[in-house]
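Examining the three-dimensional arrangement
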Amino acid sequence: MASTIRVRATSSGETTEVQALIQHPMDSGFVKDAKGEVIPPHFIQELTFEYNGKSVFVADWGAAVSKDPYVKFSFKGGKKGDDLKISWVDNKGATDTATAKIQ
Amino acid sequence: MRPVIHFASAALALAALAFTAVPSAVAADKPDPVADAKAFRNFFAQKFPKVKLEDFVNGPYSMNEDMHRQWEEKEQFPPYEFSLDMGKEMFSKPFKNGKSYADCFPNKGIGIRQNYPYFDAGEGKVVTLELALNRCREANGEPPFSYVKDEMAALTAYMAFTSRGKPFDIKIPDDPRALEAYQNGKRYFYTRRGQLNFSCATCHVQTPGERIRAEVLAPALGILNAMPIYRSEWSGMGTISRRFTTCNSQIRGVPLNPQDDEYRDLEYYLSYVSNGLPISGPGARP
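**Focus: the packing of helix α5 (residues 81-92) of chain B against helix α7 (residues 150-161) of chain B**
All names here are of chain B.
- At a closest axis distance of 7 Å, the pairing of α5 and α7 adopts a crossing angle of 90°. When the axis of α5 is compared with that of α7, the two are roughly perpendicular. Only E151, A153, A154, L155, A157, Y158 and F161 of α7 make contact with α5, whose side of the interface consists of S83, L84, M86, G87, K88, M90 and F91.
- Grouping the constituent residues of the contact of α5 with α7 by class yields ten nonpolar, two polar and two charged.

**So, the sheet that holds strand β6 (residues 83-90) of chain A**
All names here are of chain A.
- Overall, antiparallel pairing links the four strands, which are arranged β4-β3-β6-β7 in an open sheet. The open sheet terminates on both sides in strands that have one partner only, identified here as β4 (54-60) and β7 (95-101). Pairs of neighbouring strands in the sheet enclose a mean axial angle of 15°, with direction left out of account.
- Pairing of strand β3 (residues 44-51) with β6 involves seven bridges; the strand directions are antiparallel.

**Some points on the packing of helix α8 (residues 176-190) of chain B against helix α11 (residues 261-272) of chain B**
All names here are of chain B.
- α11 packs onto α8 with a crossing angle of 90° between their chain directions and a minimal axis gap of 7 Å. Here α11 runs roughly perpendicular to α8, going by the angle between their axes. From α8, A181, Y182, N184, G185, K186, Y188 and F189 reach across to α11, where they touch E262, D265, L266, Y268, Y269, L270 and Y272.

**Brief notes about the domain arrangement of chain B**
Residue and element names in this part refer to chain B.
- Here the domain parsing of chain B yields domain 1 (2-78 + 172-285) and domain 2 (81-161).
- Counting residues at the interface gives 29 residues for domain 1 and 24 residues for domain 2.
- Elements supplying a minimum of two residues to the side of domain 1 that touches domain 2: α8, β6 (236-238), α10 (240-250) and α11.
- By residue number, the principal contributor to the side of domain 1 that touches domain 2 is α11, which donates six residues.

**Things to note about the pairing of β7 of chain A**
Residues and elements named next belong to chain A.
- Here β6 pairs with β7 via seven bridges, running antiparallel. Bridged to D83 within β7 is K101.
- Linking β6 back to β7 in an antiparallel pair, the connection comprises four residues, with G93 at a positive phi of about 90°.

**Considering the interface of chain A and chain B**
- Each partner contributes to the interface: chain A provides nine residues, whereas chain B provides seven residues.
- Going through the elements one at a time, β1 (5-11) and β2 (15-22) of chain A are the ones with two or more residues in the side of chain A that touches chain B.
- Here the side of chain A that touches chain B is built from residues that sort into two nonpolar, three polar and four charged.

**Focus: the nonpolar core**
- Ranked by internal contacts, the top residues of the largest apolar core, which has 62 residues, are A154, L155, A157, Y158, M237, Y269 and L270 of chain B.
- Take this core: its biggest share by element is eight residues, from α7 of chain B.
- Here this core gathers at least three residues from each of two domains, domain 1 (2-78 + 172-285) and domain 2 (81-161) of chain B.
- One finds A9, I44, F49 and W88 of chain A within the second-largest nonpolar core, a separate group that totals 14 residues.

**A look at α7 of chain B**
All names here are of chain B.
- Look at α7: 16 Å from first C-alpha to last across twelve residues, which is about the 16 Å you get at 1.5 Å a residue.
- Counting buried positions over the twelve residues of α7 gives nine, a clear majority of the element.
- When α7 is considered as a whole, its buried residues turn out to be M152, A153, A154, L155, T156, A157, Y158, M159 and A160.
- Against α5, α6 (129-139) and β6 lie the buried residues of α7.

**Focus on unusual backbone geometry**
Residue and element names in this part refer to chain B.
- The peptide bond linking Y116 to P117 adopts the cis configuration, its omega dihedral lying at 0°.
- Within the secondary structure, P117 is located in the loop between α5 and β1 (118-120).
- Cis geometry is adopted by the peptide bond preceding P228, which originates at M227 and carries an omega value of -5°.
- Positionally, P228 belongs in the loop between β4 (215-216) and β5 (229-231).
- Positive phi is not limited to glycine here, since D150 has a value of about 45°.
- Examined against the element boundaries, D150 turns out to sit in helix α7.

Rules behind the numbers
- Residues numbered from 1 in each chain as written.
- Chains lettered and ligands numbered in written order.
- Predicted model: local features only at pLDDT ≥ 70, side-chain atom pairs only at ≥ 80, totals over all residues.
- Axes fitted to C-alpha atoms, helices over the stretch in contact; angles between N-to-C directions.
- Helix = DSSP H or I, 4+ residues; strand = E, 2+ residues; numbered from the N terminus.
- Parallel < 35°, antiparallel > 145°, perpendicular 65-115°, else oblique.
- Contact = placed C-beta atoms within 7 Å.
- Nonpolar A, V, L, I, M, F, W, Y, C, P; charged D, E, K, R; others polar.
- Pairing = 2+ DSSP bridges.
- Domains from an automatic or database assignment.
- Core = buried A, V, L, I, M, F, W, Y, C linked by C-beta atoms within 7 Å.
- Buried ≥ 20, exposed ≤ 12 C-beta atoms within 10 Å, placed from the backbone.
- Expected span 1.5 Å × (residues − 1).

Okay, structure coming up:
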């Protein structure tokens, strides 16, 4: 199966802008299905972006983040051709990672 | 109150449009879709002189600068990507009997979305793309999909994507039944319904660019070109069927069933009057 993480990172010399779209149901645990039963919570708890072994962006997420979250941020530094590593862990212990080259 | 003042002046414009576009209905003459389409385009061109004709397909995003900037950003990383990929996979996967969607459609289903809906002379009714897809499945022993989201949205997203940029090319054959279907769709569009007593035109002809609560309303011209859409409100994809039914619920009317005759005719009318505008689907909306 394809990665759940789509990412694009562009460097403009001094800063690198990162956009990411992550496929995840992000169920809050408050919604009921058609049968009236609660859909159990299933959401990303931690999202990390690493550059050169250092975390440049860490998110602690909960039930309030919607399905298929989109993230955009910038960090100082980052050179074209370098790797950016993205990983997430959800409340069920599932994980996924992806690596993208900074453009 | 501002909405009331706007309503009155817009009602005048609407009356003018209705008068110029539908003298035939009043006089019970033959419908003139060509004249209708022209009047429809002119109405919106005059209302939004700074918007290029082909940009009307972006709906609310063409209605003001801030929205347009948001649309440009969103297109860099569109939320419909996952559904589009799923649709591409689904489309190429054969049915249990070995056949595939490509066998049901002209040109193997690629780059044909702009021809839908069409009037089927044999059946005497309008056939939409969503309907054709489910009929293809049933003809090949597969269960039909729900018309409103998920798989149907993914499939129509892929088919729309293969037609991106191609202008809507809806044909009304010289058949009184086709003209009747067209007129039916037009009548539906302009008829008030529901507790809120809104017609489609109330929001999308009278008040595009204005707000209904927090949403900026889209113009009716080109409104189907971006379908299916990933709608933030739905946290997911929705088809034309989804939008027609949910809109009816929102104005507190009883929605019809997806692909009921009236919805098919409505899609026929709305697509025809947007002929010439490019397919931009799949799209994203607030």
